[in-house]
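Working through the structure, step by step
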Protein chains: 2
Amino acid sequence: MSIATKDITIEKVKTSKIDQVDFDNLAFGSVFSDHMMVCTYKNGAWEMPKIIPYQPITLDPSSKIFHYGQSIFEGMKAYKDKNNDIYLFRPLENHKRFNISAERMCIPQIPEDYFMEGLTTLLKLDKDFIPTQEGSSLYIRPFMFASGNGFHASPADEYKFIIACAPSGAYFSGKVKVLIEEKYSRSANGGVGFAKAGGNYAGQFYPTQLAVAKGYNQVIWTDDTTHEYIEEAGAMNIFIRINDTLLTGPTSDRILDGITRKSILDIAKDQGIKTEVRKITVKEVVEAAKDGSLKEMFGAGTAAVISPIAGFGFRDTDYELPELENSYALRLKKIITDIQYNKSEDKFGWRFKVDK
Amino acid sequence: MSIATKDITIEKVKTSKIDQVDFDNLAFGSVFSDHMMVCTYKNGAWEMPKIIPYQPITLDPSSKIFHYGQSIFEGMKAYKDKNNDIYLFRPLENHKRFNISAERMCIPQIPEDYFMEGLTTLLKLDKDFIPTQEGSSLYIRPFMFASGNGFHASPADEYKFIIACAPSGAYFSGKVKVLIEEKYSRSANGGVGFAKAGGNYAGQFYPTQLAVAKGYNQVIWTDDTTHEYIEEAGAMNIFIRINDTLLTGPTSDRILDGITRKSILDIAKDQGIKTEVRKITVKEVVEAAKDGSLKEMFGAGTAAVISPIAGFGFRDTDYELPELENSYALRLKKIITDIQYNKSEDKFGWRFKVDK
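Residues numbered from 1 in each chain as written. Chains lettered and ligands numbered in written order. Predicted model: local features only at pLDDT ≥ 70, side-chain atom pairs only at ≥ 80, totals over all residues. Heavy atoms only, no water.

The name given to chain A in an unreviewed UniProt entry is Branched-chain-amino-acid aminotransferase, and the organism recorded there is Maribacter caenipelagi. UniProt annotates chain A under Function (unreviewed entry) with the comment "Acts on leucine, isoleucine and valine." Entered under Sequence similarities (unreviewed entry) in the UniProt record, the comment concerning chain A runs "Belongs to the class-IV pyridoxal-phosphate-dependent aminotransferase family." (UniProt positions renumbered as here; feature names shortened; annotations may be inferred.)

**Observations regarding the interface of chain A and chain B**
On the side of chain B, 58 residues touch chain A, which itself brings 58 residues to the contact. Carbon and sulfur atoms make up 65% of the area that chain A and chain B hide from each other, which totals about 5,100 Å². The three residues of chain A that bury the most area against chain B are A:Phe66, A:Phe151 and A:Phe205, which together make up 15% of that side's buried surface. Applying the counting rule to chain A against chain B returns zero salt bridges. On inspection of chain A and its partner chain B, the count reaches 26 residue pairs in polar contact (both at pLDDT 80 or more). Within the residue set of the side of chain A that touches chain B, elements represented by two or more residues are strand E5 (57-59), helix H1 (64-68), strand E6 (71-73), helix H2 (91-104), strand E9 (137-146), strand E10 (159-168) and helix H4 (198-213) of chain A. If you tally residues by element for the side of chain A that touches chain B, the top one is H4(A), at nine residues. Taken together, the residues of the side of chain A that touches chain B sort by class into 31 nonpolar, 21 polar and six charged. Note: E5(A) against strand E5 (residues 57-59) of chain B, three bridges, orientation antiparallel. Pairing of A:Ile57 across the sheet is with B:Leu59, part of E5(B). (Contact = heavy atoms within 4.5 Å. Buried area = accessible area lost by both parts, 1.4 Å probe. Salt bridge = Lys/Arg side-chain N within 4 Å of Asp/Glu carboxyl O. Polar contact = N/O pair within 3.5 Å; in protein donor to acceptor, adjacent residues only side chain to side chain. Helix = DSSP H or I, 4+ residues; strand = E, 2+ residues; numbered from the N terminus. Nonpolar A, V, L, I, M, F, W, Y, C, P; charged D, E, K, R; others polar. Pairing = 2+ DSSP bridges.)

**A closer look at unusual backbone geometry**
The phi angle of most residues is negative, glycine excepted, and most peptide bonds adopt the trans form. All names here are of chain B. One non-glycine residue, Asn 43, lies in the positive phi region at around 50 degrees. Structurally, Asn 43 can be placed in the loop between strand E2 (35-42) and strand E3 (45-46). Asn 43 sits in the exposed class, given a relative accessible area of 77%. Its identity as a non-glycine residue notwithstanding, Val 305 has a phi of 60 degrees, on the positive side. Classification of Val 305 by relative accessible area gives buried; the value is 8%. (Buried < 20%, exposed > 50% of the residue type's maximum accessible area, 1.4 Å probe, protein only.)

**With respect to the pairing of strand E12 (residues 218-222) of chain B**
All names here are of chain B. Most of E12 is tucked away: five of the five residues are buried. Burial of E12 is two-sided: the residues Gln 218, Ile 220 and Thr 222 facing one way and the residues Val 219 and Trp 221 facing the other way are all buried. Both strand E11 (residues 176-180) and E12 contribute to a ladder of three bridges, which runs parallel. Counterpart to Leu 179 in the pairing with E12 is Val 219. Note that E12 and strand E13 (residues 229-233) share three bridges and pair antiparallel. From the neighbouring strand, Trp 221 faces E13, where its bridge partner is Glu 232. Adjacent in sequence and paired antiparallel, E12 and E13 are bridged by six residues, among which His 227 carries a positive phi angle near 55 degrees.

**Remarks on the relation of the copies chain A and chain B**
Between the two copies of the chain lies a relationship made up of a rotation around an axis and a movement along it. Of the transformation superimposing chain A on chain B, the axial component is 0.0 Å and the angular component is 180 degrees, with the fit at an RMSD of 0.0 Å. A rotation of that kind, with that shift, is consistent with a two-fold axis. When you check the interface residues of chain A against chain B, 100% turn up at the interface there too, and the contact is symmetric in its surfaces. (Least-squares fit on C-alpha atoms with pLDDT ≥ 70 in both.)

**Observations concerning empty space enclosed by the protein**
Summed over all chains, the structure comprises five cavities of 30 Å³ or more. The volume enclosed by the largest cavity comes to roughly 320 Å³. A:Val192, A:Asn200, B:Arg186, B:Val192 and B:Asn200 are the residues nearest the centre of the largest cavity, which is lined by 27 residues in total. Listing elements by their share of the lining of the largest cavity, those giving two or more residues are H4 of chain A together with helix H4 (198-213) of chain B. Sorting elements by how many residues they give to the lining of the largest cavity places H4(B) first, with four residues. Across the lining of the largest cavity, the residue classes break down as eight nonpolar, 15 polar and four charged. By volume, the second largest cavity amounts to about 110 Å³. Lining the second largest cavity are A:Gly75, A:Met76, A:Lys77, A:Tyr79, A:Phe89, A:Asn94, A:Ile259, A:Thr260, A:Gly301, A:Thr302, A:Val305 and A:Gln340. Elements with a contribution of two residues or more to the lining of the second largest cavity: strand E7 (76-80) and helix H5 (259-270) of chain A. Tallying contributions element by element places E7(A) first for the lining of the second largest cavity, with three residues. Taken together, the residues of the lining of the second largest cavity sort by class into five nonpolar, six polar and one charged. Taken domain by domain, the makeup of the lining of the second largest cavity includes at least three residues from each of domain 1 (5-168) and domain 2 (176-340) of chain A. (1 Å grid on protein atoms, 1.4 Å probe; cavity = no way out; pocket = protein on both sides within 12 Å on 5 of 7 lines; lining within 4 Å. Points joined across faces, edges and corners; volume = space filled by probe spheres on them. Domains from an automatic or database assignment.)

**Considerations on the side chain of A:Asp81**
Residue and element names in this part refer to chain A. Structurally, Asp 81 is set in the loop between E7 and strand E8 (86-89). Although Asp 81 is buried, it forms no salt bridge, and the closest oppositely charged side chain is Lys 82 at an N-O distance of 6.2 Å. Reaching out from Asp 81, the side chain makes a polar contact with the backbone nitrogen of Asn 83 at a distance of 2.9 Å. Ignoring anything within four residues of it in the chain, the contact list for Asp 81 reads Tyr 87, Tyr 341 and Asn 342. (Lys, Arg positive; Asp, Glu negative; His and termini not counted.)

**Quick notes on the nonpolar core**
The biggest cluster of nonpolar side chains holds 197 residues, and the ones touching the most others in it are A:Phe161, A:Met297, A:Phe312, B:Phe161, B:Met297 and B:Phe312. Contacts of A:Phe161, omitting those with residues within four sequence positions, involve A:Met37, A:Val38, A:Cys39, A:Trp46, A:Phe98, A:Ile110, A:Phe115, A:Pro142, A:Phe143 and A:Met144. (Core = buried A, V, L, I, M, F, W, Y, C linked by side-chain atoms within 4.5 Å.)

**Side note on the packing of H5(A) against helix H7 (residues 328-340) of chain A**
Residue and element names in this part refer to chain A. Contact pair H5 / H7: the axes reach a minimum separation of 10 Å and the direction vectors enclose 105 degrees. By the angle class used here, H5 and H7 are roughly perpendicular. Contacts from Thr 260, Ser 263, Ile 264, Ile 267 and Ala 268 of H5 reach H7 at Leu 332, Ile 335 and Ile 336. Among the residues making up the contact of H5 with H7, the classes are represented as six nonpolar, two polar and no charged. (Axes fitted to C-alpha atoms, helices over the stretch in contact; angles between N-to-C directions. Parallel < 35°, antiparallel > 145°, perpendicular 65-115°, else oblique.)

Encoded structure:
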């Protein structure tokens, strides 16, 4: 079975709340568009997606989402160019990863057409919520959770797949200072770190709060066995530039296969920047900071795109990074966002135009 | 501030649903009592607990529970003795662990009196839902989750603490066959494995499903670094008897500090059973199975109390355990449940009588 836009029922809002959105002062993910897409898994099958007014979700107190963390999500963005054409960035990659996360969390996979038709139908309806201000975009949150009931610790028999949208400004403001973490860990070998599973994020809050109390903004995660290898930066993939080489760790069952991460690798190669995907040791980064060969560090992810790191802490010593005029971070960010906002040629074929 | 039962507002159901409960055929955690306790954290403080009819929860689609798995829970049981007096088992230990879990998941801690007064008020109201059938009890589920809104990956500003109750029969029926897992892991060093965090459970579903497909009921978790050490049995602590010595692993940041686990250790010592709390290797268990010194394995937790293991699989070989007439499992289970149901002296001071 394959579905088309016409199969999706649409219930429109009576009154749009667009006038209440202050597009010039958007925070991240805190105001929402008029509609949302909802799709229910029941009796072993996905029902047809529906577009309904953005509204509260009602669940039994025994719904497994409240008890067993059976939930996954994706982060995407919609952009408008100067012709008001709507673009997504590599959306099929999000769909693919959504299903990879779903499999690991024992959540039924969603067919591509349900995901894409549901998403594009929603975007066409709520297109006026896509900001055009510099640095702003419509943040899209596809998420799926166990809505079935019962206290037995086993997979649910019902799930909800929802897409909601939030016109959003920047995720971080300014450069961030990070702390290399040696006690707490983000994920286990053979665990769920590669999945965008809800629990991966809640587990980061406490160590991050401890880092914030020490004056840092984020934690650099290291492997849980030795804490010798650098894995991720907060909820982002991490890039490190030593001399002119751009390094990032290999994906694994502990590290998210970030779409921004792999796009950056492709752009960097295309730009003639030497890249290495290999395990990065804390030791080499600290040594590079000491001898001056550490030029840049930045986080990469959909929400923040590229988030330059101003310095890092390791074992009670702080290391500052140089302020570069032509940083890889800014250069790569401009190239990727120019593609996203249709300001440049799309030589990689990453843009996805949403029919109006 | 300290609260008393009289501070808790009670809204009673108009019509009880107790007549719909088939007390002779109770499943685990699938029918619920008439009321629930709800307590809201807002503006930096817990509001007064309320008892209301068991009813759906309504949340914004951006509530952080749906996205970032910020949730914890406890499992408890209420028992009735032959005089219809109501008992809990070491409830203050649950409260203590609830707050330990809360801290790790960046959830505000709940004061003891909110927890205990809320719980006992609910139990007094729903006491007729406590089953008296052999092996049945009222399963109590205190849980707490991020109800605050927004897509930013950071702790919520609002939380719900809810206690719901389900008259329940046995968690497992019969003996279980387990598979020693060497690929997937339950928790990381420095992770959240010691907390009763929702995400710890969802992460177990997929490996468990793979084990079930191979003919096992549960997974025996090993450490994520070497897979050489036995850590937990599904969602339970594990006990292993080699010759006449009862072994269990030490608690750690990967292993839950089970209340049934520590009660069993105390009872076993009191019974003159030699116990050892130390790291247990897969190798010694396999060798003990081969040479016949492996007498018993069982899981321990609130839901199942003690769940005897009939055999285990390791690297394509199945090992059966002997059927013992006087197993530690049955002996210890009888002692612990006799204390729980007020059928025996409570020499450890574990019973907690709920005033009627």
